[in-house]
Amino acid sequence: NILLPASEYLHYAGLSDSTKYNELTLLDVKNRFEKHPYMRKAEVEFDGVNKILVEVEEKEIKAVLLQKNELKLVTDDLKTLPLFPTSDIRDLPVISNLNMSNKQSIDTTNIEFAFRIIDAISLSDTNIRKSMAEINLRKGGDVILTFTGLNFLVLFGKNNEVRKALILKNIWFRIINDEKIN
């Protein structure tokens, strides 16, 4: 569990007090955990004495989507999930100013483009990826990136994301180490 602490998953599954569940089967416990929107699967086993061990696999969350003043999580397969208050999202970039194809659905083309930027920067340097705070899609205009530790924005544009990620990697440490850079 990365997104939420184990206690939150237990609370959501209704399994906070272990003294109340003598009638539950392992399948019941598994099903309760897998109902959580962040859960890909849960493996459940009895330790042979008096404990049930649960190993969870969360869905892969790629980014946080800011849409209509509401934050949602976006999975690697472009599904949106609710954001729970105790979720740990500090290493996820925020995708903002998404161009809406219509009022009800999100434009997956723009999210896929943002994902390509995330992947390209992740492949070039994980430290740069961890510093990426926001991908501002500017409603279909040139993309602007915001990084923690930089006092300025990076105009990333719209195309050639892999090439631009490699160029950014080449100048990244000079930018970070040079206090006088403009």
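Higher on the page you've got the structure.
Residues numbered from 1 in each chain as written. Predicted model: local features only at pLDDT ≥ 70, side-chain atom pairs only at ≥ 80, totals over all residues. Heavy atoms only, no water.

Some points on the overall build of the protein chain
Move 1: Helix and strand content of the protein chain: 5 helices and 9 strands.
Move 2: At 20 Å, the protein chain has a C-alpha radius of gyration far larger than the 16 Å of a compact globule built from 182 residues.
Move 3: By residue count, 34% of the 182 residues in the protein chain fall in the buried class.
Move 4: Residue pairs in contact within the protein chain that sit at least 24 positions apart in sequence constitute 45% of those at least 6 positions apart.
Move 5: Counting 25 positive and 26 negative side-chain charges, the protein chain places the centres of these two groups 7 Å from one another. (Helix = DSSP H or I, 4+ residues; strand = E, 2+ residues; numbered from the N terminus. Rg over C-alpha atoms; globule rule 2.2 N^0.38 Å. Buried < 20%, exposed > 50% of the residue type's maximum accessible area, 1.4 Å probe, protein only. Contact = heavy atoms within 4.5 Å. Lys, Arg positive; Asp, Glu negative; His and termini not counted. Charge placed at Lys NZ, Arg CZ, Asp CG, Glu CD.)

Side note on the side chain of Asn110
Move 1: By secondary structure assignment, the location of Asn110 is in helix H3 (residues 108-124).
Move 2: Dropping the residues within four chain positions of it, Asn110 is found in contact with Leu98, Asn99 and Leu137.

A few points about the sheet that holds strand E3 (residues 61-67)
Move 1: Here 7 strands make up an open sheet; going across it, the order is E5-E4-E3-E6-E7-E8-E9 and the pairing mixed. Looking at strand neighbours, the two that pair on one side only are strand E5 (80-82) and strand E9 (154-157), the edges of this open sheet. Within the sheet, the average angular offset between the axes of one strand and its neighbour, ignoring direction, is 30 degrees.
Move 2: Most of the contacts of helix H5 (residues 161-177) go to E9, to which it runs at about 155 degrees, and overall it touches strand E8 (143-147) and E9. (Pairing = 2+ DSSP bridges. Axes fitted to C-alpha atoms, helices over the stretch in contact; angles between N-to-C directions.)

Considerations on the layout of surface pockets
Move 1: Of the voids in this model, the largest pocket is the one considered here, and its volume is about 530 Å³.
Move 2: Together, 18 residues line the largest pocket, and Leu10, Leu15, Ser18, Val29 and Ile52 are the ones closest to its centre.
Move 3: For the lining of the largest pocket, the secondary structure elements donating two or more residues are helix H1 (6-12), helix H2 (26-34) and strand E2 (52-58).
Move 4: Per-element accounting of the lining of the largest pocket gives the leading share, 4 residues, to E2.
Move 5: In this structure, the second largest pocket encloses a volume near 290 Å³. (1 Å grid on protein atoms, 1.4 Å probe; cavity = no way out; pocket = protein on both sides within 12 Å on 5 of 7 lines; lining within 4 Å. Points joined across faces, edges and corners; volume = space filled by probe spheres on them.)

Focus on the packing of aromatic side chains
Move 1: Using the criterion set out here, one finds 3 aromatic pairs in the structure.
Move 2: Ring plane angle 75 degrees and centroid distance 6.1 Å describe the contact between Tyr12 and Phe84, whose orientation is recorded as edge-to-face. Pair noted here: Tyr12 is in helix H1 and Phe84 is in the loop between E5 and strand E6 (94-96), with a separation of 72 residues, a long-range link.
Move 3: A relative accessible area of 40% means that Tyr12 is categorised as partly exposed.
Move 4: Residue Phe84 is classed as partly exposed on the basis of its relative accessible area, which comes to 25%.
Move 5: With 5.3 Å between their ring centres and 70 degrees between their planes, Tyr38 and Phe84 make a pair best called edge-to-face. Of the two residues, Tyr38 sits in the loop between H2 and strand E1 (39-46) while Phe84 sits in the loop between E5 and E6, which places them 46 residues apart along the sequence.
Move 6: Residue Tyr38 is classed as buried on the basis of its relative accessible area, which comes to 0%.
Move 7: Of note, Lys62 hangs over the ring of Phe115, and the distance from its end group to the ring centre comes to 5.5 Å.
Move 8: Here the basic side chain of Lys164 rests over the ring of Phe156, its NZ or CZ set 5.8 Å away from the ring centre. (Phe/Tyr/Trp six-rings, centres within 6.5 Å; stacked < 30°, edge-to-face > 60°. Lys NZ or Arg CZ within 6 Å of the ring centre and 35° of its normal.)

Bear in mind that shape data such as this cannot, by itself, settle questions of function.
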